[in-house]
Structures are given as structure tokens and as C-alpha cells.
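Below, each chain spelled out in residue letters.
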Amino acid sequence: MLKKVLLLTSILLLVSCGSKRSTLSGKKVRTKELVSKEQYRADLRKKEEHKQTKTTEYKRVTSNSDQSQVLDATSSVVVTTDLIQNYILTYKGIAQDNMVNHGIPASITLAQGVLESGSGQGTLSRNANNHFGIKCHKGWEGPSVRHTDDAPDECFRKYDSPTESYRDHSMFLVGRSRYSDLFTLPKDDYKGWARGLKKAGYATDPKYADKLISLIERYSLSDYDKEMMDIMGLQSGVYEDTYVETQPVIPQTKVTTSSKKSHVVKKGDTLYSISKKYNMTVSELQKMNKMSGTALSIGQILKIK
């Protein structure tokens, strides 16, 4: 009798445990299903938001890409507009001095420097201070470096400073007969100079002249030529319509010239642009401020008549 009671009790316990287990299991499955749907919807919303954010960021990066450009000569580098402008401001004084001393337009020198050196970011300019891609050539006895250009491991000149490179560039053009025709051109004929350099074999790139002209016109480098020609007392040798006007026309009124007693030099100012703004000549500005050259520094105060 006792055995029967124990057996019956065991059976009841087993049935009771089985029903609880299935009930708990069912609750877990239902709870898991409900959470899974909500999580799915939340994850879906996050994915959509993330996709929209990435699309916006891509558009923003793409829209800013036109702020940089590729300079491809002895090195191929990507530089920003600010880098190019800072390079021009750094070396414009040297280029203008070389224009006076050697007769090479400052615009041509600067455009070649920007292009050949990658605005100072190219391999040759950083490692050898070579800003014009000048190779060793016969007779070079100075230091040199090896660089792959038209052929592997070509010999290029190495300089102690960028200034030395600029000076050697002028002497390189002056001292070679193949460039002699260039010096018969007007000093403000930058298009003739650019095409003449390509024709004389300065570079093998078929678009070399167009690249120089584009840089000169984009960054108003011909202003530096005009400024020096004014100082040197030279007249323009090309028609005015060959230039791209970059300076606004200032009405010649007494109020404009007399209302200002001084001018604070800003980034991008040149003696030529300042003289035009106040209806003066470069020579008058230099004489009034006791200047012998054309170099300016940001923040410098110039006397104005």
C-alpha cells in the first residue's frame, strides 16, 4: 500500500514539473519575440540615420575637393589654394629682384616655381631645395641628388636654400642659347614666355605652357610684372586685352586720395595694387616711404599722400 502511495506521489510531481517548465518556456519565447521585434525596428532606424549621415558627410567632402589641385611636374602633389598663395607671397620678392637683374618676368618665375616644386611640397624642393626641377647637365660641379623623372635615377641639382635655387634658375635661362629668343619678348608677355619655354625644351609635358599660363592668370601673377615695369620705367609691350583684369577700378576722386593718410599692408598687397588704390605711382610710394625695394610685410604701415 505504501509503495502505491509513493509511486502515485512521484507521478504527480513529475507531471507538475513538466507543466511549469513548459509554461516558463512559453513565456520566455513570447518575451523574446516581443523584444526582438522592437529591437529590429530600432536597429533599422539607426541604420537609416547612419546611412543619411554618411551621405551628408560624403557630399560635404566632395564639395570641398575643389579647394585643392594637383601640381604635376618633377613631382605630383596635391596642394591647397592657401599653400599656393603662401608660396607666392614668400618668393615674390626674389622673383621681382630677378626680373630686374636678369630680365625674366616675375610671373614666369613664380609660376614655374609653384608648378615645379609643388608649392614647396615636392620631393626635390624638400630634399634638395630645387624649386625648378633643374637637372645637373654638363658642367655642374655642385651637390646633387637622384630623382626619377623622365628616366629612373636622374641627376638633379641640390642647393643650400630656395633663394640659391631661384638665382640659379635665372642664370640657367640667361646662360643657354636655346632660351635667347625669350629675352627679345616684352617683359609682360607671359604667354609668349610660357610657350617659348616649352618650345625651347624646358619641360617635356605637352601642356606645360598652358599650366604656367593658367597659374599666372588664376593667381594674378602678372601684377608683379606690371609693378616692376612701372619701377623700371618700361611700357607694356603687349595689348592690354591680353591680360585678365584682377584689380577693381578705383574712381579718381580727391576724397579717395585725401581721406586716407596711411595704409596697413594686408595679405596679397603689392606696391602696384596699393599705388593704384590711391591713384599714385609705385615710385611715389617708394619715395614717400623711403623704400629701395618692393618687399612688403603684413601689418606694415605705409604713408599715403
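It should be emphasised that the depicted structure is a prediction, and the values quoted were computed from it without experimental measurement. (Residues numbered from 1 in each chain as written. Predicted model: local features only at pLDDT ≥ 70, side-chain atom pairs only at ≥ 80, totals over all residues. Heavy atoms only, no water.)

## What to know about the packing of helix H2 (residues 81-102) against helix H3 (residues 106-117)
So, step 1. Here H2 crosses H3 at 135°, and the two axes come no closer than 8 Å. Here H2 lies oblique to H3, going by the angle between them. Regarding H2 and H3, the two cross each other, and that crossing is right-handed. For the pair H2 and H3, the contacting residues are Ile84, Tyr87, Ile88, Tyr91, Lys92, Ala95, Gln96 and Met99 in the first and Ala106, Thr109, Leu110, Gly113, Val114 and Ser117 in the second.
So, step 2. Looking at the contact of H2 with H3, its residues break down into nine nonpolar, four polar and one charged. (Axes fitted to C-alpha atoms, helices over the stretch in contact; angles between N-to-C directions. Helix = DSSP H or I, 4+ residues; strand = E, 2+ residues; numbered from the N terminus. Parallel < 35°, antiparallel > 145°, perpendicular 65-115°, else oblique. Left-handed = near helix turned anticlockwise from the far one by under 90°. Contact = heavy atoms within 4.5 Å. Nonpolar A, V, L, I, M, F, W, Y, C, P; charged D, E, K, R; others polar.)

## Here we look at the environment of glutamine 300
So, step 1. Examined against the element boundaries, glutamine 300 turns out to sit in the loop between helix H11 (282-288) and strand E6 (301-303).
So, step 2. As a C-alpha pair, glutamine 300 and valine 265 span 35 residues in sequence and 5.2 Å in three-dimensional space.
So, step 3. Apart from the residues within four sequence positions on either side, glutamine 300 is in contact with His263, Val264, Val265, Met291 and Ala295.

## Re the packing of aromatic side chains
So, step 1. A complete count under the given rule lists nine aromatic pairs for this structure.
So, step 2. For the pair tyrosine 91 and tyrosine 166, a centre-to-centre distance of 5.1 Å together with 15° between the ring planes defines the contact as stacked. With a gap of 75 residues between them, tyrosine 91 in helix H2 and tyrosine 166 in helix H5 (residues 162-174) connect regions that are remote in the sequence.
So, step 3. Tyrosine 91 gets classed as buried once you look at its relative accessible area, which sits at 14%.
So, step 4. Between the aromatic rings of tryptophan 140 and tyrosine 159, the centroid separation amounts to 6.0 Å while the plane-to-plane angle is 65°, which identifies the pairing as edge-to-face. Of the two residues, tryptophan 140 is situated in the loop between helix H4 (123-128) and strand E3 (144-147) and tyrosine 159 in the loop between strand E4 (154-157) and H5; the sequence distance between them amounts to 19 residues.
So, step 5. Residue classification places tryptophan 140 among the partly exposed positions, given a relative accessible area of 25%.
So, step 6. Among the aromatic residues, those joined into a cluster by ring pairs are Tyr87, Tyr91, Phe132 and Tyr166. (Phe/Tyr/Trp six-rings, centres within 6.5 Å; stacked < 30°, edge-to-face > 60°. Buried < 20%, exposed > 50% of the residue type's maximum accessible area, 1.4 Å probe, protein only.)

## Some points on the side chain of glutamine 96
So, step 1. Considering the arrangement of structural elements, one finds glutamine 96 in helix H2.
So, step 2. At a separation of 3.4 Å, a polar atom in the side chain of glutamine 96 contacts the main-chain carbonyl oxygen of tyrosine 224.
So, step 3. Dropping the residues within four chain positions of it, glutamine 96 is found in contact with Ala106, Tyr224, Glu227, Met228 and Thr294. (Polar contact = N/O pair within 3.5 Å; in protein donor to acceptor, adjacent residues only side chain to side chain.)

Just geometry here; none of it tells us what the structure is for.
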